[in-house]
Structures are given as structure tokens and as C-alpha cells.
Amino acid sequence: MELTEMKNGNVLVITFWSFNDALVQTYTLHYVNMIRKILAGNQKIFIVTFEQPRVALSNEEIEKTNHELGKRNIRLVAFPYKRFGLKKLTAAVGHLFSMISLIKKENIRVIHSFGPNAGSFGYLLSKITGKDLIIDSFEPHAEAMVENGTWKHNRGAHLILSKFEKWQAKRAKHLIATSSGMYDYSIKTYGVTPKSFFVKPACVDTELFSPREKDPTLVDELKLNDKIVCVYAGKIGGIYLKEEIFDFFKECYLYWGDRFRCVMMTNASREEIDKELKRVGLPENIVISKFVFHKEVPSYLSLGDFAINPVKPVPTKRYCTSIKDGEYWAMGIPVVITPGISDDSDIIRQNHIGAVLGSLDSTGYSTAVHEIDDLIKKNNRVEIQRSISVIAKKFRSFAIAEEIYRKIYSPSSL
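What counts, and where the lines are drawn
- Residues numbered from 1 in each chain as written.
- Predicted model: local features only at pLDDT ≥ 70, side-chain atom pairs only at ≥ 80, totals over all residues.
- Heavy atoms only, no water.
- Salt bridge = Lys/Arg side-chain N within 4 Å of Asp/Glu carboxyl O.
- Helix = DSSP H or I, 4+ residues; strand = E, 2+ residues; numbered from the N terminus.
- Buried < 20%, exposed > 50% of the residue type's maximum accessible area, 1.4 Å probe, protein only.
- Core = buried A, V, L, I, M, F, W, Y, C linked by side-chain atoms within 4.5 Å.
- Contact = heavy atoms within 4.5 Å.
- 1 Å grid on protein atoms, 1.4 Å probe; cavity = no way out; pocket = protein on both sides within 12 Å on 5 of 7 lines; lining within 4 Å.
- Points joined across faces, edges and corners; volume = space filled by probe spheres on them.
- Nonpolar A, V, L, I, M, F, W, Y, C, P; charged D, E, K, R; others polar.
- Expected span 1.5 Å × (residues − 1).
- Arc of directions from axis to C-beta.
- Polar contact = N/O pair within 3.5 Å; in protein donor to acceptor, adjacent residues only side chain to side chain.
- Pairing = 2+ DSSP bridges.
- Axes fitted to C-alpha atoms, helices over the stretch in contact; angles between N-to-C directions.
- pLDDT = per-residue confidence, 0-100.
- Right-handed = clockwise from strand over helix to strand, strands pointing away.
- Patch = residues over 30% accessible without salt bridge, like charges linked within 9 Å, V, L, I, M, F, W, Y side chains within 5 Å.
- Areas by Shrake-Rupley, 256 points an atom, 1.4 Å probe, with all protein chains shown as cover.
- Lys, Arg positive; Asp, Glu negative; His and termini not counted.
- Charge placed at Lys NZ, Arg CZ, Asp CG, Glu CD.

Asker: Is there a simple way to explain the pattern of salt bridges in this structure?
Answerer: In a structure, side chains of opposite charge can pair up when their charged atoms sit close to one another. Under the criterion given, the structure shown has 18 salt bridges. Of the charged contacts in the structure, one is a salt bridge between Lys214 and Asp305, with a shortest N-O distance of 3.0 Å. One end of the pair, Lys214, is in the loop between β7 (197-199) and α9 (216-221); the other, Asp305, is in the loop between α12 (297-301) and β11 (306-309), with 91 residues separating them in the sequence. With relative accessibility at 16%, the residue Asp305 sits in the buried group. In this structure, Glu403 engages Lys407 in a salt bridge whose closest nitrogen and oxygen atoms are separated by 3.5 Å.

Asker: Sorry, what's going on with the nonpolar core here?
Answerer: As a rule of thumb, nonpolar side chains are buried together in soluble globular proteins. Counting 66 residues, the largest nonpolar core has Phe248, Phe249 and Phe306 as its most contacted members. Aside from chain neighbours lying at most four places away, what touches Phe248 is Phe306, Ile308, Val336, Tyr365, Ala368 and Val369.

Asker: Please explain the layout of surface pockets as it appears in this structure.
Answerer: Gaps between atoms show up when a probe of the same size as a water molecule is rolled over them. Volume-wise, the second largest pocket comes out at about 260 Å³. His30, Met34, Lys37, Phe398 and Glu402 are, among the 13 residues lining the second largest pocket, the residues nearest its centre. If you list the elements that add at least two residues to the lining of the second largest pocket, you get α2 (22-38) and α17 (398-409). At five residues, the largest contribution of residues to the lining of the second largest pocket is made by α2. Grouping the constituent residues of the lining of the second largest pocket by class yields five nonpolar, four polar and four charged.

Asker: So what exactly am I meant to see when it comes to helix α16 (residues 381-395) here?
Answerer: The α-helix winds at 3.6 residues per turn, so residues separated by three or four positions along the chain end up facing the same way. The first and last C-alpha atoms of α16 sit 21 Å apart over 15 residues, in line with the 21 Å expected at 1.5 Å per residue. Restricting attention to buried positions, one finds in α16 the residues Ile384, Gln385, Ile388, Ser389, Ile391 and Ala392. For α16, the angular spread of buried residues about the axis comes to 150°, placing them on one side. Of the residues in α16, the exposed ones pointing more than 90 degrees away from the buried face are Arg386, Lys393 and Lys394. The inward-facing, buried residues of α16 abut α13 (323-331), α14 (344-351) and α15 (362-378). A distance of 3.1 Å separates the backbone nitrogen of Val382 from a side-chain oxygen at the start of α16, and that oxygen is part of Asn380.

Asker: Just checking my understanding: could you explain the sheet that holds strand β1 (residues 10-14) for this structure?
Answerer: Adjacent strands of a sheet form backbone hydrogen bonds with each other and so pair up, either parallel or antiparallel. A sheet is described by the order of its strands in space; here seven strands give the open sequence β3-β2-β1-β4-β5-β6-β7, paired in parallel fashion. The sheet is open, and its two borders are formed by β3 (74-80) and β7, each paired with just one other strand. Strand-to-strand twist of the sheet, defined as the mean angle between neighbouring strand axes without regard to direction, takes the value 20°. Relative to strand β4 (residues 108-114), β1 runs parallel, the two sharing five bridges. Each bridged residue has a counterpart across the sheet, and for Asn10 the counterpart in β4 is Ile108.

Asker: I would appreciate a short explanation of the confidence of the model for the protein chain in the present structure.
Answerer: Note: predicted coordinates in regions of low pLDDT should not be interpreted at a detailed level. Overall, the predicted model of the protein chain reaches an average pLDDT of 92, with 95% of residues at or above 70. Under a pLDDT of 50 for its full length, residues 1-6 has, in the predicted model, 13 contacts with residues more than four places off or in other chains.

Asker: Please clarify how the pairing of strand β8 (residues 228-233) should be interpreted in this entry.
Answerer: A regular strand carries its side chains on alternate faces of the sheet. Of all six residues in β8, six are buried; the element is thus mostly enclosed. Side chains Ile228, Cys230 and Tyr232 project from β8 onto one buried face, and the interleaved Val229, Val231 and Ala233 project onto a second face that is buried too. Bridge count for β8 against strand β9 (residues 260-265) is six bridges, and the pairing is parallel. By the bridge assignment for β9, Val229 is matched with Arg261. Running through helix α10 (residues 243-256), the crossover from β8 to the neighbouring parallel element β9 is right-handed. Note that β8 and β11 share two bridges and pair parallel.

Asker: I would appreciate a short explanation of a positive patch on the surface in the present structure.
Answerer: The grouping of Lys127, Lys163, Lys166, Lys170, Arg171 and Lys195 at the surface amounts to a positive patch. Sort the elements by how many residues they give to the positive patch and helix α7 (residues 156-171) lands first, with four residues. Mapping Lys163 onto the fold places it in helix α7. Of the residues examined, Lys163 reaches a relative accessible area of 46% and is grouped as partly exposed.

Asker: Looking at this model, I keep getting lost on the environment of Glu271. Mind explaining?
Answerer: Along the chain, Glu271 turns up in helix α11 (residues 270-280). Taking the C-alpha atoms as reference, Glu271 lies 45 Å from Ile187; in sequence the two are 84 residues apart.

Asker: Which parts of the structure should I look at to understand the side chain of His112?
Answerer: On the secondary structure map, His112 appears in strand β4. Among the polar contacts listed, one links the side chain of His112 to the side chain of Asp136, at a separation of 2.8 Å. A distance of 2.8 Å separates polar atoms of two side chains, one belonging to His112 and the other to Tyr409. When sequence neighbours within four positions are dropped, the list of residues in contact with His112 reads Val11, Leu12, Val13, Ile14, Ile35, Ile134, Asp136, Tyr405 and Tyr409.

Asker: Explain unusual backbone geometry here, please?
Answerer: In the Ramachandran plot, Asn154 falls in the positive-phi region, its phi being about 55° despite a non-glycine side chain. Its location among the elements puts Asn154 in the loop between α6 (141-147) and α7. According to the relative accessible area criterion, Asn154 is partly exposed, its value standing at 45%. You will see that Asp226, though not glycine, has its phi angle at about 65°, which is positive. Turning to its location among the elements, Asp226 is positioned in the loop between α9 and β8. Residue classification places Asp226 among the exposed positions, given a relative accessible area of 70%.

Structure below.
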């Protein structure tokens, strides 16, 4: 690509998420803003989202959003989301032609896709139009979906996405993976040696997420005075454990008694949570569940004496990244985690900033509870927060992403 072309060309960013999804608001937009600062002022960035019905933007909201984004030469292109099936495939063809038209009309020079799902569109668009392809947040999503029981091996969605992941790895001008292991994984699984390879874990805004005292208003509102509080921000089931989370809470309750509470920031229904609490014989008031907007998450995380990240410990999670770990660390919160999750499990173990579950049973849970209790007892809250927040700055700083994007998008690098 000629330097003069890139200076005049625009960038198409493709996500597979809704605009209001946390993965766009707290993840993608930060990176888009970084790229925006590197590009020339006259270059445009177009962001594609796929709007799920429950959080989809109205036409009025899209117009308002584009008014704000337009001030920075960014524009949102929102498509409706469809679940996998005939309707999805039919809709995908229409979306593909719309994006081809956009590429031609708006002089798009680079297609920058976040994740393998969006990368499938990126691959087809790059193949059809000849534009450069960048695959960001690259990880083995297809195999992970089989391992966690969502998809069937070599059937339907798994078969299709597996092929696309291989094609993406082969075609991408730059691959930005979520862990260093993806380089060898690409060679071994896809038979592809990446042309240009970078590692960018899920970085965190360490100004928004930072050590602080427990929010006094929430402490009073949720009746958490003198409680040992576990915090969790995420879903239950799917790529995360479900029954095991509540088995762990039972072990916490057996150890700390009524001093223990868990604050879950989740979209899981209260009925689902209460069913699990009843199964393990815990009082309903032990778990406080709320759906929390992302801007409120730091206040709720401040309540935590420790956190949990119950990702299912399937083999491919070694090659993925976990946003919540970075947010926990930035807040200075010790983390209980399953083994083999990205580089995070090893970081926690080596730096003594939480507990790695040795087994998913009462022995493993009890050991983790004792490790957390020792950590809390031997150090005051300020010391714990200080030592853990340093880890966030080292392994989750936005400076990591900025350096990568500058290498890719700076005129001197083209």
C-alpha cells in the first residue's frame, strides 16, 4: 500500500457486538479512539455493529450517536443481529453487499475486524475488494464454543467458523492476538505462520478502574458493613461455570459464615440464582445480584475484598483473554480463577495476588478460600490494592495497545 493511498484512505472497523454491549463501550471504542489519534485528521473510521434486539439502538439513537462520533470523523453503521441459521445467512449476504458498497463509496483502504466472528466478514470483504485485512483480538473462538458445550464439533457453526479462522490467519496483513500462545496455535492448528504478529491482552482504563475505598452509599444500601465481599461481573453458564460458582460460594459461607456476601453484576435472572442457592442450601440474601451499567461497575467492584473469574477451564482458554481480570487488578482486588486461563492464572499464582483453583470440588474451593483469607489477614486493604494495581499497569496498560496500533497505522510504518 502506498503511503499516499493510506493518507487518503479510510478504515472500516467491524465488530460482531451491539453498540451498547460492554465489549464495544469498554473495549472496542477505546481502541478505535487510539487509532483515530494516529490517523490523519481527514481520514474517516466506520464502525460496524450487529444490534441484538434487547439492546438495539433506535434510529433516533443512531442519529444522535453519529452526531457525536462525527465530531471525530467516526461513523456508526448498525446492522440487525440474527442468530445462526438460514435467516442469519440470508441477512449476512445483504450485510456483505452493503459493506462492499460502503468500501467503494467511502474509499476504505483497511478492514480492521475485532474477533474471529467479525473477522469472517473482514476476510470476505478483503478477498472481494483486495483491501488490507487486520484481525484484532484473534483467538480460537470456534473450538472454544465446542469445548464449553455450546456447539457440536465439525457441525454447522463450528465447521464454518473454523474454516474462516484459518483463512483469516492466512490472509491478514497483521494478526493481533490476545495471548502469545496464538502464534504457535496458528501454526499447529491452522497450518499458517502469521505474516505479522502482535499480542494485545484485554487492556483496561486504569483511571476509570482504580483502587479506592468501599463505596459508603452502596455499603449501607446493600448492608455490607463488616462483611467479607466477593464480587463478580459477568454471566453464569456458557463460557463460564454455573453450578461450580455456587458450590464455591457454599464453601465461602461454611468458612466465613454470615460475614460472607457476594455481589454479582450480571444479567442472570434472580430465579436462576435463587434456584442455585437453594440447591446448595444457602440463604438467598448471601448473593446480591444486579444488572449494572458499565460506568457504575467500578463503584460496585470497590465493595470487593476479592473477586472471582469462573471461566470454564477448557484448553482453548489458554489462548484467550479476560477483560474482567484486568478490571479486577486495576481496582486492586485479589482474584480467584480457574487454571489455564490465558496468561492470567500464571500471573495470579506467580505474584500471589489471589488463588488458582486446583480442582473444582470442595477441596479446591476450600484451599482457595484459605488462601484468600490469609492474603486479607496478612495485608491491609491499601497494601493489597497497591501491589495488585501495579500488575494491571504492567500487563493491561493501554500503552501496550497504543504501541501496536502506532506500528500498524503510523505513516512512517506503512
